[in-house]
Amino acid sequence: MNHLLIMLPILIPLYGAILSLFFWRSVRAQQVIGILAQVCLLIASFMLLFDINENGIRTTQVGSWPAPFGITLVADLFSAMIVITGSITGMAVYLFSIKGLDKARQTFGYYPVLLVLQLGVSGACLTGDLFNLFVWFEVLLICCFVLIALGGTKPQLEGAIKYVTINFLATNFLLVGIGVVYGTLGSLNLAELAVLVRTPAAHPALINMAGMFFLIAFGIKAAIFPLFFWLPASYHTPPIAISAFIAGIITKVGMYALIRLFTLVFVTDQDLTIPLFTVLAGFTMVIGVLGAASQNDFRKILSFHIVSQIGYMLMGLALFTPLAIAGSIYFIIHNIMVKTNLFLISGVVAHRHGTFALKKLGGLYLQQPLLSVLFFISAFSLAGIPPFSGFWGKFMLAKAGFEIDSFVIVLVSLAVSLMTIFSMTKIWNEVFWKKKPVVDPLLEVMTEQEQRHNRLLHLPVVIMTVFILFIGLYAEPVVAMAQLAAEQLLNSELYINAVLKR
Amino acid sequence: MELILPFIIGILFSASLYLILHRHFFKLILGLILFGLATNLFLFVIGRLTRGGSAIIEPDENVAVEPFADPVPQALLLTAIVIGFGIQSFTIVLIKRVYQSFGTTDLDDMNTTDQIEENH
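Residues numbered from 1 in each chain as written. Chains lettered and ligands numbered in written order. Predicted model: local features only at pLDDT ≥ 70, side-chain atom pairs only at ≥ 80, totals over all residues. Heavy atoms only, no water.

If you look chain B up in an unreviewed UniProt entry, it shows as Cation:proton antiporter from Pontibacter amylolyticus. The UniProt entry for chain B carries the following comment under Subcellular location (unreviewed entry): "Cell membrane". (UniProt positions renumbered as here; feature names shortened; annotations may be inferred.)

Labelled according to an unreviewed UniProt entry, chain A appears under the name Cation:proton antiporter, originating from Pontibacter amylolyticus. Under the Sequence similarities (unreviewed entry) heading, UniProt states for chain A: "Belongs to the CPA3 antiporters (TC 2.A.63) subunit D family."

Right under this line is the structure:
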């Protein structure tokens, strides 16, 4: 049963995708299978989290080959938390796409690809093997390629070509890194690697080099400065249901892999990595938020903010204290939800008004007060205003920074928070507050059916907002769990003993 | 042989990067293919070259007889080749679609998603 519990977040989307491929011609059947798979995935990942919370790190050996020879699946608190957040966003995006995505795209395999993407996310979070991590990343990246290009409009193709090229390069950097690790240490099992790098026989220089390959590879995937330029060029091009999921989760999975590798394996030369991460984190935050400030499109502002928020997650890794890593973990969870929600809100707005350009929008505060409140909550969460969720993540990171006297990075992060409020205020002013500049009488009158559609689109946004409010207003259990997860991450012995059964 | 292969890998990496940085679509495709090849060759060489001995365990023994070629890089390589092949074919189809809808072979024409839309 325990082994099944770890496998379920991988098996459910896999079987869901296979089953929905059998019903290629019937979108309705794919939708039913999709919702069943999402509900099961959500339940399974919550069961996994409760199980780990009670019994510690869980492992299973695929095909019963003992570690370190076979592929190990490892579930600790960090991976389980990411899997849960992924399934919550998956659920919301799924609900949104039923009405929010055009029929043509739905008939061309949207649901199976979405499920395989979730399979890749779960796999990347649960694997305990370096090469297997690469394979899961490929699974999710190929799905991202397909989803970004799905429909084949001009901007999509243009975004896809940038995304595919840069990610192909990142993948090959990852492979080279794996090659160096295998060539020097002779193993691919993360737990055994963690043992081997701590022995005096390891070559620190070669391991550092491998670490830098991983930093570049996952840095591209997580959109760290100066490797992020593909992100604002491609994330806003697909329809909003697709952008919302990809923008919400994929960069954070890259961040997950970075945190996992640089707390478990590449820890031997922290004189190099910690200053490097600090500088990268600072630049990522600042450049991202400045990029956002210059944009005039709802989705592009949000895309640049992804980059800026990645900086905060990297900052936790750069400070490298239990509190800072806990802050990063909490921040990843918060950011996946808030970012997806903001994208979904922009989708609801565009569904009503047919544009994402700030100049053309306006007057939503009077027309759709509920949506305004929902946006207000998410935007303030993103900016980190208490008592919303972003505040707790930033508070933990800032406190951890002050504890070890890293004042500069903390000041940068607080200044970036102010800039984040500025961009969110810009969206608020332009989209919700000001009068609509050009009133198109055709768009103002909605038919009965359109109104029903628009109300249905609010449903996933409301669900996500409830979760955001929950982790913000009742942060205690989530913060406590993030701290436990950080302790598990920094205490590598726990991971090693769980996998190698010593 | 072990001395030549690293040089070949280096040449492949640099040639592919050079081609990727070109503006023409076709050179982009060639560059991506060469980059994948260079990576695969690197993975192959990193497992140490052993000629003649395969890691097959004889029926009456418990371990394979030394010297044998390390099977793990070969397995990795096989997986990487298959995945790379998939991505490359996807890229080629994608680039063909881009060529059909944009009517250009110049990557510099593809800068609209980076621009800030002023007057929409």
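Still more ground to cover, so stick around.
(A) Quick look at the overall build of chain A. A tally of regular secondary structure across chain A gives 22 helices and two strands. Relative to its length of 502 residues, chain A is compact, with a C-alpha radius of gyration of 22 Å against a globular reference of 23 Å. Its C-alpha atoms put chain A at 75 × 55 × 40 Å along the principal axes. In chain A, of all internal contacts separated by at least 6 residues, the share reaching a separation of at least 24 is 81%. For chain A, the computed accessible surface area is about 17,000 Å², with 71% contributed by carbon and sulfur atoms. Looking at chain A, you have 28 positive and 21 negative side-chain charges, and the mean spots of the two groups are 12 Å apart. (Helix = DSSP H or I, 4+ residues; strand = E, 2+ residues; numbered from the N terminus. Rg over C-alpha atoms; globule rule 2.2 N^0.38 Å. Contact = heavy atoms within 4.5 Å. Areas by Shrake-Rupley, 256 points an atom, 1.4 Å probe, with all protein chains shown as cover. Lys, Arg positive; Asp, Glu negative; His and termini not counted. Charge placed at Lys NZ, Arg CZ, Asp CG, Glu CD.)

(B) Structural view of the side chain of A:Q488. Position of A:Q488 relative to the elements: it lies in helix α21 (residues 475–490). In contact with A:Q488, not counting residues within four places along its chain, are A:I57, A:D76, A:L77 and A:L494.

(C) Focus on the state of the cysteines. All names here are of chain A. As enumerated under the stated definition, the model contains zero disulfides over all chains in all. C125 carries a free sulfur, and the closest cysteine sulfur to it, the one in C144, is 13 Å from it. Left without a disulfide partner, C144 is nearest to the cysteine sulfur of C143, which lies 7.1 Å away. (Disulfide = S-S within 2.5 Å.)

(D) Here's a closer look at empty space enclosed by the protein. All names here are of chain A. A complete count under the given rule lists five cavities of 30 Å³ or more for this structure. For the largest cavity, the calculated volume is near 50 Å³. The wall of the largest cavity is formed by L41, V83, G86, S87, Q118, V121, S122 and F245. For the lining of the largest cavity, the secondary-structure elements that each account for two or more residues are α3 (77–100) and α5 (110–126). (1 Å grid on protein atoms, 1.4 Å probe; cavity = no way out; pocket = protein on both sides within 12 Å on 5 of 7 lines; lining within 4 Å. Points joined across faces, edges and corners; volume = space filled by probe spheres on them.)

(E) Looking closely at helix α13 (residues 298–319) of chain A. Residue and element names in this part refer to chain A. Under the 1.5 Å per step criterion, the end-to-end length of α13 is 33 Å for 22 residues, consistent within 8% with the ideal 32 Å. Along α13, 22 of the 22 residues are buried, which leaves the element largely enclosed by surrounding structure. The N-cap of α13, judged by a side-chain oxygen 2.9 Å from the amide nitrogen of R299 a few residues on, is D297. Positive backbone phi, approximately 55°, marks F320, located one or two places after α13. (Expected span 1.5 Å × (residues − 1). Buried < 20%, exposed > 50% of the residue type's maximum accessible area, 1.4 Å probe, protein only. Polar contact = N/O pair within 3.5 Å; in protein donor to acceptor, adjacent residues only side chain to side chain.)

(F) Region of the structure containing the interface of chain A and chain B. Contacts between the two partners involve 43 residues from chain A, matched on the other side by 41 residues from chain B. Summed over the three residues of chain A that lose the most area to chain B, namely A:E158, A:I161 and A:F168, the buried surface amounts to 18% of that side. Counting every contact that joins chain A to chain B gives zero salt bridges. Between the two partners, chain A and chain B, sit three residue pairs in polar contact (both at pLDDT 80 or more). Contributions of two or more residues to the side of chain A that touches chain B are made by α6 (130–149), α7 (154–185) and α10 (230–234) of chain A. Classifying every residue of the side of chain A that touches chain B gives 24 nonpolar, 11 polar and eight charged. (Buried area = accessible area lost by both parts, 1.4 Å probe. Salt bridge = Lys/Arg side-chain N within 4 Å of Asp/Glu carboxyl O. Nonpolar A, V, L, I, M, F, W, Y, C, P; charged D, E, K, R; others polar.)

(G) Here's a closer look at the pairing of strand β1 (residues 58–61) of chain A. Residues and elements named next belong to chain A. Burial along β1 is two-sided: the face carrying R58 and T60 and the face carrying T59 and Q61 are both buried. When β1 meets strand β2 (residues 72–75), the two strands line up antiparallel, connected through four bridges. Across the sheet, residue T59 finds its bridge partner in β2, namely V74. (Pairing = 2+ DSSP bridges.)

(H) Fine view of the packing of aromatic side chains. All names here are of chain A. Under the criterion given, the structure shown has 35 aromatic pairs over all chains. Ring plane angle 35° and centroid distance 5.3 Å describe the contact between F214 and F266, whose orientation is recorded as tilted. Here F214, found in helix α9 (residues 204–222), pairs with F266, found in the loop between α11 (240–264) and α12 (270–293); they are 52 residues apart in sequence, far enough to count as distant. The residues F214 and F266 share a single accessibility class, namely buried. Pairing F225 with F228 gives two aromatic rings, centres 6.5 Å apart and planes at 35°, and the pair type is tilted. (Phe/Tyr/Trp six-rings, centres within 6.5 Å; stacked < 30°, edge-to-face > 60°.)

(I) Expanded view of the environment of A:L459. Residue and element names in this part refer to chain A. Checked against the element boundaries, L459 lands in helix α20 (residues 448–473). Take L459: its relative accessible area is 42%, and that puts it in the partly exposed class. Between the alpha carbons of L459 and F96 there is a distance of 7.8 Å; along the sequence they are 363 residues apart.

(J) A look at the UniProt feature "domain: NADH:quinone oxidoreductase/Mrp antiporter transmembrane" (unreviewed entry) in chain A. When the UniProt feature table is mapped to this numbering, "domain: NADH:quinone oxidoreductase/Mrp antiporter transmembrane" (unreviewed entry) covers residues 128–420 of chain A. The span residues 128–420 of chain A shows a helical share of 80% and a strand share of 0%, and its end C-alpha atoms are spaced 36 Å apart.

(K) Region of the structure containing the side chain of A:D51. All names here are of chain A. By the secondary structure assignment, D51 is in helix α2 (residues 27–55). Overall, D51 belongs to the buried group, its relative accessible area being 12%. Other than its neighbours up to four places away in sequence, D51 contacts N2, L5, G56 and R58.

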